[in-house]
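Here is how the chains run, residue by residue.
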Amino acid sequence: MKNISILGSTGFIGRQALEVIEAFPERFSVKALAGGKNWQLLAGQAKLYKPEVVAISEERHFQDLKKALSGLRIKVLFGDEGIKEVASFPSSNLVLASIVGVAGMLPVIEALKSGKDIALANKEALVVGGKLVNALAEKNKSKIIPVDSEHSAIFQCLKGEKKEDVRRIILTSSGGPFRDWDSKKIKKVKAEDALNHPTWKMGNKITIDSATLMNKGFEVIEAHWLFGLDYSRIDVVIHPQSIIHSLVEFTDGSCLAQLSPPDMRLPIQYALGFPGRLPKIWKALDLVKLGSLTFEEPRRENFPCLDLAYRAGKTGGTALAVVNAANEAAVDLFLKGKIKFTGIAEIIEKSLEAHNTVKNPDIEDLIEADRQTRNRIKKGSKIK
Ligand SMILES: NC(=O)c1ccc[n+]([C@@H]2O[C@H](COP(=O)([O-])OP(=O)(O)OC[C@H]3O[C@@H](n4cnc5c(N)ncnc54)[C@H](OP(=O)(O)O)[C@@H]3O)[C@@H](O)[C@H]2O)c1
């Protein structure tokens, strides 16, 4: 039996993970749940899955949550301390990290400090703190099992292979909703257009990141930390059908790929069940029905976020905190209608230019770079 804590259980990945867990009651038990502000859903999940502890990040919802769960033997917590307690809860041995954004990084660090294995959806934890996160995992002998479909694909293709036999990895990207739009049309994109992803259903932030290709850029950085490969050996190809989730090319030219219909329950199930496979097919692959799979170069001139991520990745250090914070702040401004879609990349580029990189940062340096970047953007955010 695996005892699981879910950080971000009220989000898209968290909800899908609970579906997977529900399908295997003899294998998984939910010990702790944490959410941000959706206390009603968190209360409903707690009543259904009966964890020992739940935590809500926003203190203003604590009393409502506590009241909703009164009479049940569930400890109710709030704030950063409450989330930390869920991350390090003693009776759990696996933590699904699915809080969105850099807010998910400190809980991941907390879970690693207490020796938990991590099923990692929160890519921002690796984008910003990859070096520290890897060092902690190594020190405490914790496994990090990727949940992101691309990294899950690579992880599966690398099973039993030697690192020195890998030539490069190729991350696939659907290209997002504006893959074939011209630059004039892209300038006029509205939030509702960007939230309409062609192949994946996801939370709002990652949906916008997918439309700008920053999500792919972050995945390149995530792959660098997960698989220990130089950026020159991580490529991106556009594959609009989202069936091949990524590939590994070996030194003899052989390529291994993982294929399945786009459905996050599969990589979640793989991560929770690792090292074995669990016997449930959520959506079967029908190659004949699909007919053809196509591939293209990313149109980097229309989607500058991809190269901005490579640039920050190669610079390393606090530049990684800056690229993430600038992206989070800019996406927020775009969703509020305060900047244009193309303004997201502009803000990120300006933020990287304004920053003096600390090469070997500790956690405080990363937090400070994040804070400075957000403040700088806040001051300039009135410009349309
Ligand atoms: N969706 C996908 O298909 C997908 C695929 C691969 C990787 N990922 C990664 O997985 C993560 C989650 O994505 P998602 O699509 O599930 O996002 P989402 O639907 O927006 O869910 C985010 C979750 O984080 C919680 N949260 C937000 N801020 C928090 C805070 N300060 N403290 C504690 N909890 C907080 C939210 O709680 P409330 O809703 O209660 O506020 C919610 O449970 C992201 O890092 C994303 O890049 C997602």
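Residues numbered from 1 in each chain as written. Predicted model: local features only at pLDDT ≥ 70, side-chain atom pairs only at ≥ 80, totals over all residues.

*Asks:* Tell me about the packing of helix α7 (residues 149–157) against helix α12 (residues 265–273), residues and numbers included.
*Replies:* In the contact formed by α7 and α12, the axes pass within 9 Å of each other and the chain directions differ by 50°. Regarding the angle of α7 to α12, the classification is oblique. Between α7 and α12 lies a crossing whose hand is left-handed. Where α7 approaches α12, its residues Ser-149, Ser-152 and Gln-156 are matched on the opposing element by Pro-267, Tyr-270 and Ala-271. Across the contact of α7 with α12, the residue classes tally to 3 nonpolar, 3 polar and no charged. (Axes fitted to C-alpha atoms, helices over the stretch in contact; angles between N-to-C directions. Helix = DSSP H or I, 4+ residues; strand = E, 2+ residues; numbered from the N terminus. Parallel < 35°, antiparallel > 145°, perpendicular 65-115°, else oblique. Left-handed = near helix turned anticlockwise from the far one by under 90°. Contact = placed C-beta atoms within 7 Å. Nonpolar A, V, L, I, M, F, W, Y, C, P; charged D, E, K, R; others polar.)

*Asks:* Which residues make up the environment of Ile-13, and what values go with them?
*Replies:* Structurally, Ile-13 can be placed in helix α1 (residues 12–23). The class for Ile-13 is buried, based on 28 C-beta atoms found within 10 Å. Along the primary structure Ile-13 and Met-264 are separated by 251 residues, whereas in three dimensions their C-alpha atoms are 7.5 Å apart. Those residues within four positions of Ile-13 in sequence are excluded, and the remaining contacts are Gly-8, Ser-98, Ala-121, Val-147, Met-264 and Ile-268. (Buried ≥ 20, exposed ≤ 12 C-beta atoms within 10 Å, placed from the backbone.)

*Asks:* Which residues make up the pairing of strand β4 (residues 75–78), and what values do they have?
*Replies:* Sheet analysis places strand β3 (residues 53–56) next to β4, joined by 4 bridges and oriented parallel. What sits directly across from Ala-55, in β4, is Leu-77. (Pairing = 2+ DSSP bridges.)

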